[in-house]
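Geometric and topological summary
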Amino acid sequence: MTQPPAPEAVDAPATSPWPALWAVVIGFFMILLDNTIVSVATPAILQDLDTTFSAVIWVTSAYLLAYAVPLLVTGRLGDRYGPRRVYLAGLTLFTLASLWCGLTSSIEGLIVARVFQGFGASMMTPQTMALITRTFPAAKRGAAMALWGATAGVATLLGPIVGGVLTDLAGWEWIFIVNVPIGVIGFVAAWILVPELPTHTHSFDWFGVALSAVGMFCIVFAIQEGSTYDWGTITGIVSVPLLIVVGLVTMAVFFWWQSRIRTEPLVPLRLFRDRNFSLASLGIVAVSFAITSMALPFMFYAQAVRGDSPTEAGLLLVPMALMTAVLAPYVGRLVDRAHPRAITSVGFGASAVAVFWLTRIMEPATPTWQILLAMALFGVGSAFLWAPLAATATRNLPMDSAGAGAGVYNTVRQTAAVLGAAAIAAAIESRLAANLPGFDGSGREMELGVDALPADLAAPFAASMSQSLLLPALALALGLLVAVSFARPSHEGRAPRPVIGTRST
């Protein structure tokens, strides 16, 4: 096979690509906001829908799971039918599902609606990243990825803030309904500003889709619901350990199948021959796992121990979001010049220290200023992670693999978020059971969002939440090991050989 032409010669539009990127950023911001916006409203949903702690966690996990599993296919759909068409279809589904979420009156209906919402998000996300890869020259892609990364980081961090304000002022339903006007604006902007790009012929590995879906579901369900069934039998011969084994074996078969398939695999394993793509994928796993898993215990601590309202709890994250937003443009300029090892090491180091700091100070009488300082440090670390990791991952992708590469990168990111949500649920229930023996998983003991817990319960509850935060702290520490392994990237914007043999249509 011959080497594909450089990005500048293939898909770069005649006009500036920035307006198109700003248009899709609207929708991208909205779907990532929904990754964490539910965390602060979880206590209100739990009480209003009269459900259990384990069930309400699925409001987040169902969205993340439906978001993660289809990404391998939706990235390829963008290559086949064009990023613009797939993005608009996904935005439409996401907006309608958001309205459904806001109008539902049962926990089951909310979880189902969140599944459709997550699938719409999965159609949108790879197209935003592919648009950057296909329209910006590789040597100048850092600034565009800075916008992408800042959007991802700020949206993820702003979720609890926005969720708190809306829950207090209008009710938890409005954290979903507010997406409707934003979705309409985003649709009009993308319709007008996003260009049609050349498409590429691809086949679809539906067997691989089934394997990955089954494997992911078994693992996530087992991790999240394990403590509910005391890590034993669920029903009949089905047990939590059996589900974990089935999930791991199924995922092993999935990767074996990807290496053997004669047509086009869902995960082009040749992508991972690029050292920095592999390391950046591992890095975003650590970031996504940590951010998703830290939100819930912190929000439970703020509302149950400190007695903060949803708005007050969300405002504790303001320094984090501000530092990320302020520093992201400066970090974006560094991405095209500095070694990714230096930038991401700062990011992982600062973030790990910040989360570990939180585990030491999350007590009933902790002054607010200490929490705000820790959050500001986490915001600094976040600014040095999102854009550098994304830019490093996509630096050398050929044009006909832009969607596949973006799909793989975003799949591992969202898969990590799913596992983070499941793992932190298990960690919280485990710590509560250890520190509060009467805890039964119903959530009634907490009386969250009403008043602070009485003194005899506040201390052990705070200890449970702070101990749970050791999980994301560990993930970020492991990310630092990834950061120091990066190689200096090429700025030529092409891979040493084509990843997938396809032809343009």
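Residues numbered from 1 in each chain as written. Predicted model: local features only at pLDDT ≥ 70, side-chain atom pairs only at ≥ 80, totals over all residues. Heavy atoms only, no water.

Spelled out, the test is: UniProt positions are given in the numbering used here, feature names are shortened, and annotations may be inferred rather than shown by experiment.
Taking an unreviewed UniProt entry as the reference, the protein is identified by name as Drug resistance MFS transporter, drug:H+ antiporter-2 family belonging to Aeromicrobium marinum DSM 15272. The UniProt entry for the protein carries this comment under Subcellular location (unreviewed entry): "Cell membrane". The Sequence similarities (unreviewed entry) comment attached to the protein in UniProt states, word for word, "Belongs to the major facilitator superfamily. EmrB family."

Section: the overall build of the protein
Rules: Segments assigned H or I by DSSP are reported as helices when at least four residues long, segments assigned E as strands when at least two residues long, and all are numbered from the N terminus. Burial classes: relative accessible area under 20% of the type maximum marks a residue as buried, over 50% as exposed, and values in between as partly exposed (1.4 Å probe, protein chains only).
When its secondary structure is counted, the protein shows 19 helices and 2 strands. When burial is assessed residue by residue, the protein has 61% of its 505 residues classed as buried.

So, the packing of aromatic side chains
Note the following rule: Classification of ring pairs uses Phe, Tyr and Trp, with its six-membered ring standing for Trp, and accepts pairs whose centres are within 6.5 Å; under 30 degrees between planes counts as stacked, over 60 as edge-to-face, and the remaining range as tilted.
Per the counting criterion, the structure on display carries 9 aromatic pairs. Taken together, a centroid distance of 5.1 Å and an interplanar angle of 80 degrees make the contact between Trp18 and Phe136 edge-to-face. One end of the pair, Trp18, is in helix H1 (residues 18-48); the other, Phe136, is in the loop between helix H5 (107-135) and helix H6 (141-169), with 118 residues separating them in the sequence. Classification of Trp18 as partly exposed rests on a relative accessible area of 30%. Residue Phe136 is classed as buried on the basis of its relative accessible area of 5%.

With respect to unusual backbone geometry
One non-glycine residue, Asp50, lies in the positive phi region at around 50 degrees. In this fold, Asp50 is placed in the loop between H1 and helix H2 (53-68).

A word on the pattern of salt bridges
Close approach of charged atoms allows side chains of opposite charge to pair. Put simply, the rule is: In what follows, salt bridge is the name for a side-chain nitrogen of Lys or Arg lying within 4 Å of a carboxyl oxygen of Asp or Glu.
A complete count under the given rule lists 4 salt bridges for this structure. For Glu196, the salt bridge identified is with Arg84, shortest N-O distance 3.2 Å. Here Glu196 is found in the loop between helix H8 (179-193) and helix H9 (206-225), whereas its partner Arg84 is found in helix H4 (residues 83-103), with 112 residues between them in sequence. On the basis of relative accessible area, Glu196 is assigned to the partly exposed category, the value being 44%.

Here's the deal with the nonpolar core
Keep this limit in mind: The definition of a nonpolar core used throughout is a set of buried Ala, Val, Leu, Ile, Met, Phe, Trp, Tyr and Cys residues joined through side-chain atoms within 4.5 Å.
Counting residues in hydrophobic clusters, the biggest one holds 148 residues, and the most contacted among them are Ile31, Ile45, Phe298, Leu358, Leu389, Tyr409 and Phe461. It is helix H11 (residues 275-305) that provides the largest number of residues to this core, a total of 18 residues.

Brief notes about the confidence of the model for the protein
Rules: The score called pLDDT rates the predictor's confidence residue by residue, from a low of 0 to a high of 100. The contact rule is simple, with two residues in contact once any of their heavy atoms fall within 4.5 Å.
Looking at the protein, pLDDT values average 82 and 87% of them are 70 or higher. Predicted confidence is poor over residues 442-450, with pLDDT under 50, and the contacts of this stretch with residues over four places away or in other chains come to 26 contacts. Counting contacts from residues 492-505, a segment whose pLDDT is below 50, to residues more than four positions away or on other chains yields 50 contacts.

Here's the deal with the environment of Ser54
Note on placement: Ser54 falls in helix H2. Under the relative-accessibility criterion, Ser54 is labelled buried at 11%. Sequence spacing of Ser54 and Glu225 is 171 residues, and the spatial spacing of their C-alpha atoms is 7.2 Å.

So, the side chain of Ser468
Which entries qualify depends on this criterion: Under this definition, polar contacts are N or O atom pairs within 3.5 Å; protein pairs additionally need one hydrogen-donor-capable and one acceptor-capable atom, and for neighbouring residues in sequence, both atoms have to be side-chain atoms.
Along the polypeptide, Ser468 turns up in helix H18 (residues 455-468). Exposure remark for Ser468: the relative accessible area of 1% places this residue in the buried category. A polar side-chain atom of Ser468 sits 2.8 Å from the main-chain carbonyl oxygen of Ser464.

Notes on helix H19 (residues 470-483)
Our working rule: A helix is expected to span 1.5 Å for every residue after the first. An arc is given here, and it is the one of the directions from the helix axis to the C-beta atoms.
The first and last C-alpha atoms of H19 sit 20 Å apart over 14 residues, in line with the 20 Å expected at 1.5 Å per residue. Listed in full, the buried residues belonging to H19 are Pro472, Ala473, Ala475, Leu476, Gly479, Val482 and Ala483. Buried positions in H19, seen along its axis, are confined to an arc of 160 degrees and lie on one side of it.

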